[in-house]
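Below are the chains, spelled out letter by letter.
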Amino acid sequence: SSGINAEYGHCTNCTNCTFSVGPISGSLFLENCYDSTYHVTCQQARIHTTHSATFYIHVTSKAIIEDSKDLKFGKRAEFYEGYESDLVDAGLGETNNWNDVDDFNWLSKDPSPNWRTI
(Lines give C-alpha, C1' and ligand atoms only; values in the text may rest on other atoms or scores of the structure.)
Protein backbone atom coordinates (compact mmCIF):
# COMPACT_ATOMS: atom_id res chain seq x y z
CA SER A 1 0.00 0.00 0.00
CA SER A 2 1.20 3.51 -0.77
CA GLY A 3 -0.35 4.81 2.45
CA ILE A 4 -1.86 7.71 0.48
CA ASN A 5 -5.62 8.11 0.12
CA ALA A 6 -6.58 11.06 -2.04
CA GLU A 7 -10.12 12.29 -1.51
CA TYR A 8 -10.26 14.18 -4.80
CA GLY A 9 -8.19 15.02 -7.85
CA HIS A 10 -8.27 18.27 -9.80
CA CYS A 11 -6.46 19.05 -13.03
CA THR A 12 -6.85 22.32 -14.97
CA ASN A 13 -5.18 23.56 -18.17
CA CYS A 14 -3.07 20.49 -18.92
CA THR A 15 -1.83 19.87 -22.46
CA ASN A 16 0.23 16.92 -23.74
CA CYS A 17 0.45 15.29 -20.30
CA THR A 18 0.26 11.74 -19.01
CA PHE A 19 -1.15 11.10 -15.53
CA SER A 20 -1.10 7.86 -13.58
CA VAL A 21 -2.56 8.05 -10.09
CA GLY A 22 -3.71 5.65 -7.41
CA PRO A 23 -7.29 5.40 -6.20
CA ILE A 24 -9.18 8.62 -5.46
CA SER A 25 -11.96 7.99 -2.93
CA GLY A 26 -14.09 10.85 -4.28
CA SER A 27 -14.20 12.77 -7.54
CA LEU A 28 -11.69 13.50 -10.25
CA PHE A 29 -12.37 16.91 -11.82
CA LEU A 30 -10.72 17.90 -15.11
CA GLU A 31 -11.19 21.12 -17.03
CA ASN A 32 -9.55 22.70 -20.06
CA CYS A 33 -7.29 19.71 -20.73
CA TYR A 34 -6.05 18.76 -24.20
CA ASP A 35 -4.16 15.91 -25.86
CA SER A 36 -3.49 14.07 -22.60
CA THR A 37 -3.70 10.53 -21.24
CA TYR A 38 -5.07 9.56 -17.82
CA HIS A 39 -4.69 6.29 -15.88
CA VAL A 40 -7.01 6.80 -12.94
CA THR A 41 -9.26 5.07 -10.40
CA CYS A 42 -11.99 7.13 -8.72
CA GLN A 43 -15.53 7.13 -7.40
CA GLN A 44 -16.69 9.70 -9.99
CA ALA A 45 -15.04 11.47 -12.94
CA ARG A 46 -16.22 14.93 -14.02
CA ILE A 47 -14.66 16.12 -17.26
CA HIS A 48 -15.30 19.62 -18.58
CA THR A 49 -14.05 21.43 -21.70
CA THR A 50 -11.53 18.69 -22.46
CA HIS A 51 -10.55 17.56 -25.96
CA SER A 52 -8.55 14.76 -27.56
CA ALA A 53 -7.94 12.91 -24.30
CA THR A 54 -7.63 9.21 -23.52
CA PHE A 55 -8.82 7.72 -20.24
CA TYR A 56 -7.86 4.31 -18.89
CA ILE A 57 -10.26 4.42 -16.02
CA HIS A 58 -11.75 2.49 -13.14
CA VAL A 59 -14.80 4.49 -11.97
CA THR A 60 -17.36 3.13 -9.52
CA SER A 61 -20.20 5.50 -10.43
CA LYS A 62 -19.70 6.88 -13.93
CA ALA A 63 -17.83 9.47 -15.92
CA ILE A 64 -19.62 12.71 -16.73
CA ILE A 65 -18.48 14.87 -19.64
CA GLU A 66 -19.58 18.37 -20.59
CA ASP A 67 -18.41 20.66 -23.39
CA SER A 68 -15.85 18.02 -24.37
CA LYS A 69 -15.08 16.09 -27.55
CA ASP A 70 -12.85 13.39 -29.00
CA LEU A 71 -12.58 11.52 -25.70
CA LYS A 72 -11.63 7.85 -25.57
CA PHE A 73 -12.38 5.55 -22.62
CA GLY A 74 -10.78 2.20 -21.89
CA LYS A 75 -10.64 -0.05 -18.85
CA ARG A 76 -7.73 0.71 -16.55
CA ALA A 77 -5.01 -1.88 -17.01
CA GLU A 78 -1.99 -0.13 -15.47
CA PHE A 79 -1.49 -1.07 -11.85
CA TYR A 80 1.32 -1.02 -9.29
CA GLU A 81 2.39 -3.06 -6.29
CA GLY A 82 -0.11 -2.39 -3.50
CA TYR A 83 -2.86 -1.13 -5.83
CA GLU A 84 -5.45 -3.61 -4.55
CA SER A 85 -4.96 -2.58 -0.91
CA ASP A 86 -5.08 1.11 -1.93
CA LEU A 87 -8.38 0.37 -3.68
CA VAL A 88 -9.79 -1.08 -0.44
CA ASP A 89 -8.37 1.79 1.66
CA ALA A 90 -10.09 4.29 -0.65
CA GLY A 91 -13.42 2.49 -0.16
CA LEU A 92 -13.70 1.64 -3.85
CA GLY A 93 -14.89 -1.79 -4.88
CA GLU A 94 -14.51 -3.96 -7.90
CA THR A 95 -17.39 -2.23 -9.72
CA ASN A 96 -15.97 -0.52 -12.80
CA ASN A 97 -18.27 1.52 -15.05
CA TRP A 98 -15.44 2.60 -17.36
CA ASN A 99 -17.72 2.50 -20.41
CA ASP A 100 -20.75 4.21 -18.81
CA VAL A 101 -20.31 7.89 -19.69
CA ASP A 102 -22.94 10.62 -19.39
CA ASP A 103 -22.54 13.46 -21.89
CA PHE A 104 -24.45 16.46 -20.53
CA ASN A 105 -24.38 18.04 -24.01
CA TRP A 106 -25.94 15.01 -25.69
CA LEU A 107 -29.48 14.26 -24.55
CA SER A 108 -30.41 11.99 -27.46
CA LYS A 109 -30.81 8.26 -26.96
CA ASP A 110 -28.36 7.80 -29.84
CA PRO A 111 -24.70 7.37 -28.85
CA SER A 112 -22.81 10.60 -28.18
CA PRO A 113 -20.36 11.61 -30.91
CA ASN A 114 -18.11 13.18 -28.25
CA TRP A 115 -16.68 9.97 -26.77
CA ARG A 116 -16.03 6.35 -27.63
CA THR A 117 -14.62 3.19 -26.06
CA ILE A 118 -11.23 1.75 -26.91
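Source: prediction; values computed, not measured. Positions within a chain are numbered from 1, following the residues in the order the chain's sequence is written. pLDDT decides what is reported in this predicted model: residues at 70 or higher carry local features, side-chain atom pairs at 80 or more are listed and counted, and totals for whole chains, interfaces and linings draw on all residues regardless. With hydrogens and water excluded, all non-hydrogen atoms of the structure serve as input to the side-chain values.

**Points about the overall build of the protein chain**
- The helix and strand inventory of the protein chain stands at one helix and eight strands.
- Secondary structure elements are taken from DSSP: a helix is a run of H or I of four residues or more, a strand is a run of E of two residues or more, and numbering for both begins at the N terminus. Taken from N to C terminus, the helices and strands of the protein chain fall in the order β-β-β-β-β-β-α-β-β.
- The globule rule puts the C-alpha radius of gyration for 118 residues at 13 Å, and the 14 Å found for the protein chain is close to it.
- In terms of principal-axis extent, the alpha carbons of the protein chain reach across some 40 × 30 × 20 Å.
- The buried share of the protein chain, reckoned over its 118 residues, is 41%. C-alpha atoms define the radius of gyration, and 2.2 Å times the number of residues to the power 0.38 defines the globule rule. The buried label goes to any residue with under 20% of its type's maximum accessible area, the exposed label to any with over 50%, and the partly exposed label to all in between, with areas taken from a 1.4 Å probe on protein chains only.

**Section: the nonpolar core**
- L30, I47, F55, I57, L71 and F73 are the most contacted members of the largest nonpolar core, which totals 22 residues.
- Counting residues per element, the ones that place at least two in this core are strand 2 (18–31), strand 3 (37–48), strand 4 (51–59), strand 5 (63–66) and strand 6 (69–75).
- By residue number, the principal contributor to this core is strand 3, which donates five residues.
- Dropping the residues within four chain positions of it, F55 is found in contact with L30, Y38, I47, L71, K72, F73 and G74. To define a nonpolar core, start from buried Ala, Val, Leu, Ile, Met, Phe, Trp, Tyr and Cys residues and group those joined through side-chain atoms within 4.5 Å. Here a residue-residue contact requires only that any non-hydrogen atoms of the pair lie within 4.5 Å.

**Things to note about the pattern of salt bridges**
- By convention in these notes, a salt bridge is any Lys or Arg side-chain nitrogen within 4 Å of a carboxyl oxygen on Asp or Glu. Per the counting criterion, the structure on display carries three salt bridges.
- For K62, the salt bridge identified is with D102, shortest N-O distance 3.4 Å. With K62 in the loop between strand 4 and strand 5 and D102 in strand 7 (residues 101–103), this residue pair connects regions lying 40 residues apart in the sequence.
- Overall, K62 belongs to the partly exposed group, its relative accessible area being 25%.
- In this structure, K72 engages D70 in a salt bridge whose closest nitrogen and oxygen atoms are separated by 3.9 Å.
- What makes K72 buried here is its relative accessible area of 17%.
- Each of K62, D100 and D102 takes part in one network of salt bridges that share partners.

**Notes on the packing of aromatic side chains**
- Only Phe, Tyr and Trp rings are paired, with Trp represented by its six-membered ring, and only when their centres lie within 6.5 Å; those with planes under 30 degrees apart are stacked, over 60 edge-to-face, the remainder tilted. Evaluated as defined, the whole model comprises six aromatic pairs.
- Measuring from centroid to centroid gives 4.9 Å for Y38 and F55, while their planes differ by 15°, and the two rings are stacked. Of the two residues, Y38 sits in strand 3 while F55 sits in strand 4, which places them 17 residues apart along the sequence. F55 carries the same exposure label as Y38, and that label is buried.
- Ring plane angle 90° and centroid distance 5.8 Å describe the contact between F73 and W115, whose orientation is recorded as edge-to-face. With F73 in strand 6 and W115 in strand 8 (residues 115–117), this pair connects stretches of sequence that are 42 residues apart.
- Put simply, the rings of F19, Y38, F55, F73 and W115 touch in pairs and so form one group of aromatic residues.

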